[in-house]
Amino acid sequence: MKPHHKTAGLKCTSCHTTTPFDYVEMDKCLTCHQLPEKKTDYHGAPDNHDSPHYGPQLECENCHHEHEQSENYCNNCHEFDFNVP
């Protein structure tokens, strides 16, 4: 679990609501997090939260991983230099 979620007092069952634990849908993320405002600081990349390929529907988990290091999903096809928290 990411440190900021642990510090907030979250437990596995805060997000995983099934037994055995199943994938957490983006709607669950959005109960605590808001989609960010349009950003322009992606070092030449388009706004990743409003993808030219997927619109705003790209799942948070594609980039923001809870149980492993996050990744720049766009770099599967492109080469953009920015970090994903």
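**Student:** Kindly report on the overall build of the protein chain, identifying the contributing residues and their values.
**Tutor:** The helix and strand tally for the protein chain stands at three helices and zero strands. A total of 85 residues make up the protein chain; the buried ones form 24% of that total. Within the protein chain, contacts between residues separated by at least 24 positions form 40% of all contacts whose residues are at least 6 apart in sequence. Accessible area for the protein chain stands at about 6700 Å²; split by element, carbon and sulfur atoms hold 53% of it.

**Student:** Would you mind going over the environment of Cys63 in detail, with residue names and values included?
**Tutor:** Checked against the element boundaries, Cys63 lands in the segment after helix H3 (26-29). Taking the C-alpha atoms as reference, Cys63 lies 8.5 Å from Pro85; in sequence the two are 22 residues apart. Leave out the neighbours within four places in its chain, and Cys63 touches Ser70, Glu71, Tyr73 and Val84.

**Student:** Would you mind going over the side chain of His5 in detail, with residue names and values included?
**Tutor:** Structurally, His5 is set in helix H1 (residues 3-7). For His5, a relative accessible area of 16% gives the class buried. Discounting chain neighbours no more than four positions away, the residues touching His5 are Leu10, His33 and Glu66.

**Student:** Let's hear about the side chain of Asn72: which residues, and what values?
**Tutor:** On the secondary structure map, Asn72 appears in the segment after H3. For Asn72, a relative accessible area of 12% translates into the label buried. Of note is the side chain of Asn72, whose polar atom sits 3.2 Å from the backbone oxygen of Phe80. Not counting chain neighbours up to four residues away, the residues in contact with Asn72 comprise Phe80, Phe82 and Val84.

**Student:** Please set out the environment of Phe82 residue by residue, giving values where relevant.
**Tutor:** Mapped onto the fold, Phe82 is located in the segment after H3. With relative accessibility at 12%, the residue Phe82 sits in the buried group.

**Student:** Would you mind going over unusual backbone geometry in detail, with residue names and values included?
**Tutor:** Thr19 connects to Pro20 through a cis peptide bond whose omega is 0 degrees. Its place among the elements puts Pro20 in the loop between helix H2 (12-15) and H3.

Rules behind the numbers
- Residues numbered from 1 in each chain as written.
- Predicted model: local features only at pLDDT ≥ 70, side-chain atom pairs only at ≥ 80, totals over all residues.
- Heavy atoms only, no water.
- Helix = DSSP H or I, 4+ residues; strand = E, 2+ residues; numbered from the N terminus.
- Buried < 20%, exposed > 50% of the residue type's maximum accessible area, 1.4 Å probe, protein only.
- Contact = heavy atoms within 4.5 Å.
- Areas by Shrake-Rupley, 256 points an atom, 1.4 Å probe, with all protein chains shown as cover.
- Polar contact = N/O pair within 3.5 Å; in protein donor to acceptor, adjacent residues only side chain to side chain.

Purely geometric numbers; function is a separate question.
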